[in-house]
Each structure stands twice: as C-alpha cells, then as structure tokens.
Amino acid sequence: MARLAIDGGTPVRQTLLPYGRQTVDEGDIAAVVEVLRSDWLTTGPKVAEFEQALVAFVGTKEAVAVSNGTAALHAAMYAIGIGPGDEVIVPPMTFAATANCVVFQGGTPVFADVDPDTLLLDPVQVEAKITPRTKAIIAVDYTGQPCDYDALRTIADRHELTLVADACHALGGSYKGRPVGSLADLSVFSFHPVKHITTGEGGMITTDDPELAQRMRVFRNHGITSDHRQRAQQGSWFYEMVDLGYNYRLTDLQCALGMSQLRKLPGWVARRQEIARHYDAAFAEIPAVDPLGVRDDVSHAYHLYVTRLDLAQLRATRAEVFTALRAEGIGVNVHYIPVHLHPYYCNRFGYGKGDLPSAESAYERILTLPMYPKMSEKDVEDAILAIHKVAGAYSYVDQRTIFGFS
Ligand SMILES: *Cc1c(COP(=O)(O)O)cnc(C)c1O
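Structure report, in brief.

Conventions adopted
Residues numbered from 1 in each chain as written. Predicted model: local features only at pLDDT ≥ 70, side-chain atom pairs only at ≥ 80, totals over all residues. Heavy atoms only, no water. Helix = DSSP H or I, 4+ residues; strand = E, 2+ residues; numbered from the N terminus. Buried < 20%, exposed > 50% of the residue type's maximum accessible area, 1.4 Å probe, protein only. Polar contact = N/O pair within 3.5 Å; in protein donor to acceptor, adjacent residues only side chain to side chain. Contact = heavy atoms within 4.5 Å. Near = heavy atom within 4 Å. Axes fitted to C-alpha atoms, helices over the stretch in contact; angles between N-to-C directions. Parallel < 35°, antiparallel > 145°, perpendicular 65-115°, else oblique. Left-handed = near helix turned anticlockwise from the far one by under 90°. Nonpolar A, V, L, I, M, F, W, Y, C, P; charged D, E, K, R; others polar. Core = buried A, V, L, I, M, F, W, Y, C linked by side-chain atoms within 4.5 Å. Domains from an automatic or database assignment.

What to know about the side chain of Thr118
Examined against the element boundaries, Thr118 turns out to sit in the loop between strand S3 (108-111) and helix H5 (123-128). With relative accessibility at 9%, the residue Thr118 sits in the buried group. A polar side-chain atom of Thr118 sits 3.2 Å from the main-chain amide nitrogen of Leu120. Ignoring any residue separated from it by four or fewer positions in sequence, one finds Thr118 in contact with Tyr142, Gln145, Leu292, Gly293 and Arg295.

A closer look at the site of the ligand
Taken together, 14 residues lie around the ligand, and Gly69, Thr70, Asp166, Ser190 and Lys195 are the ones closest in. Between an oxygen atom of the ligand and a side-chain N or O atom of His169, the distance comes to 2.8 Å. Ser190 places a polar side-chain atom, nitrogen or oxygen, 2.7 Å from an oxygen atom of the ligand. With three residues, helix H3 (residues 69-79) is the largest single contributor of residues to the shell around the ligand.

Quick look at the packing of helix H10 (residues 265-283) against helix H14 (residues 377-394)
The N-to-C vectors of H10 and H14 enclose an angle of 30°; their axes lie 11 Å apart at closest approach. Of the possible angle classes, the one that applies to H10 and H14 is roughly parallel. The chirality of how H10 crosses H14 is right-handed. Here Arg271, Ile275, His278, Tyr279, Ala282 and Phe283 of H10 come into contact with H14, specifically with Glu377, Val380, Glu381, Ala383, Ile384 and Ile387. When the residues that make up the contact of H10 with H14 are grouped by side-chain class, the tally is eight nonpolar, one polar and three charged.

Things to note about the environment of Gly245
Along the chain, Gly245 turns up in the loop between helix H8 (228-234) and helix H9 (252-262). With sequence-adjacent residues up to four places away left out, Gly245 is seen in contact with Phe219, His222 and Gly223.

Some thoughts on the nonpolar core
One finds Met77, Met93, Tyr142, Tyr149, Phe189 and Ile205 to be the most contacted residues of the largest nonpolar core, which totals 92 residues. Taken domain by domain, this core gets at least three of its residues from each of domain 1 (5-21 + 265-394) and domain 2 (26-262). Non-local contacts of Met77, meaning those with residues more than four positions away in its chain, are made with Ile82, Val88, Cys101, Val102, Gln105, Ile138 and Val164.

Remember, this is a structural readout, not a statement about activity or role.
Right under this line is the structure:
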C-alpha cells in the first residue's frame, strides 16, 4: 500500500489544494477599474444596480446591499424588531454570526438541533423550542442545500414568527423549483471570497416587504433617512437621523464587482454540482466515507461538500484523517464547531455538551473537501485519490483490492 505522506511517503500533491477559492477574471477587474475612474466610489449608482440584479436573480421585490453577511444578518434582526427578551431559534451547525446577530440586538438565540442526515435545521426540533418569547427562526441552508421551507413556513405561520433564511451558502440553489432568496420573509447572503460570488467583503438581504427593506436601508447608513448621493441630487444639506444605525454600506467598487460576478453564477453553480456528482460517485465505493444526505426536492448550490467519516471502520480519529489529508496536499476543513459549544455561548447562555446531540455527534465525524468552480478535473481526482489513500491506510478492513493500491 502507498505510504502516507504523513509517514514519509510521497504526497498526492506538492501544493495545497484549498477547500474554497474565488474566481476573478479580466471582466471583473475592468468593472472595478471603471468605477475607480468615476465620480462615485462608495454609495453611487452601482449599489442600486447590484441590488436590482439580485432582485432579478432571486425574484423578490427588494434587495438591500450591506458591507458583509454578518451586517446583513444584523440588519435583518433590526428590521424585524428583535430586542431584549426576544428569542430567535437558530441551528448550531453554522458560522457563529447566525447566532451572534440575535445577541447584537439584545435578543437570545435558542439553538434547535439539526436533522442527522442533512444537518439542516429540523422543523420538529424547532417547534419543540418555541416559547411565548419566540419571535423568529433563522434557517441556515448549510453547505448550500435549502432547508425544508414549506415545513418551516407552516410552523412560523402557526406561531406568528418571522422566517429568516441565512442563505450565505446557497445562492443559486432552489427548493421545489423556487429560487433561494425568495423562500423566507428575509434572506441573507454573503459575498466573502469563499462564497458563490464575491465582492471582497459584502452582503445582501432580499425580501418582498418594502417596509423592512426601507428600515434596513436606514440602518446601514447610521439611521439616517437619506444617503449622500440623494442629497447631492437634491442639492440639499438637510438630513435626519431617526434611529441608531451603523455604517454598513457596500461600496460602488464592490457592487460593480458583484454584478460582474453574478453574471457567471449559473455556470459556477453547475460546475459545483458537477464536482459533487464526481465526488458522490467516488465515495459510493468507500465504505468509511459517507456524504451528507441530499433531498430530491432541492437544487443544491454546494458552497461546501461535506462528508462524514464512519469512525467505526477507521483506526483514526477525524483529526488524524484531517492531518493526513493535509499532508497529502488536500486542504480539507471542518464546518462547523457547533456554535453552542463555543465558550462565549456556554458562559453567557449556559449551553454545554449534550444539549444538541445530532449536531455534536456529526461534528466528531465531518470533513469538508475542496469545492470551487475553478477546480480542474485533476484537482478533483487528486482529492479523491488522497481520500482513497488515507481511508485505505486507516481502514480496519483490508481495502487494497477495492482501491487498487499494492
Ligand atoms: C459566511 C457566512 C456568514 C457571514 O458572512 P460574512 O460576509 O463573512 O460576514 C454568516 N452565515 C453563514 C452561514 C456564512 O457561511
């Protein structure tokens, strides 16, 4: 059997294949340079143009651009009036910002466990966590698979809750033929470089509610009701600050980049799905590697490709498999440490081990593999080869015959 790189063998790759990476072409660069030569660097015409481009893409009435996905979550919590005493139900299997945005507004995040097969927020667990103080649910389209929005909508309506989608993983996906971004009362996107399209840093909220959109436009600009460009157009110095807001503006430079990127999104999502099919087919042959479940009523946008290791078949922990794969040149990652286990949430809200068993047991076994549109066939094959090599070396069962190593 081929000696693992971690034991002194030859690595599958000499250079590390990252788990995610942006795609930026000459057209993107030209779009940014054009703005640099224009009159408006920050809030100019490109902000509304980018918002309208996203509106057209997801099919909502409104979109509000902000400085990053975390600001978008914060603006959503502000718009729906979350404050002290209010509870918002969130999943633990997400990036911390999903829960933090509730705390920013003085509210209490309440974690509800995930479905063990998809690791998406489980509607049954959500309903069990509802109290008279519950105001909203934030569903996370973890890895890019949309949650079961029909089930969540039924629960939200029954209890008069606002349904928010943290769709930072799922731009370009759909649920029962309906695009992500149109599935909840408010949907939140991030344009960080590892996400589907990038503006460096950036975020957006989509909604059909013009009042919520207006509240978020004021919130992103210090709580002021007009922006600099509107005042310039009106030839006026007058403005009013009506509430406490932040500087969460996205710049024209970034919006020009975002628009240029958005045009390429459908092709990029198709390429991600193609890579996923390639991985799925390969891992069907490896008993110790078990990709997450995907429902058949969704189009999965594959921000991430997450597998679970069957540790009963391996004489290694996830950490050892992780280190061995890194040594082979494969930039595996782990998404996520369950948010309720971070010291801040344990100390401030009293969460601890055992509170959310499905998320916690998944955390011991999950591994994120490289996934981004520019990955070549060779890159995908390297990742698969390295998994074969490491799983083969650590399997109790002699898998040499299956894998063809000798
Ligand atoms: C990336 C991400 C965020 C935060 O977005 P930023 O743009 O990095 O602030 C929030 N939630 C989820 C699920 C994310 O993946």
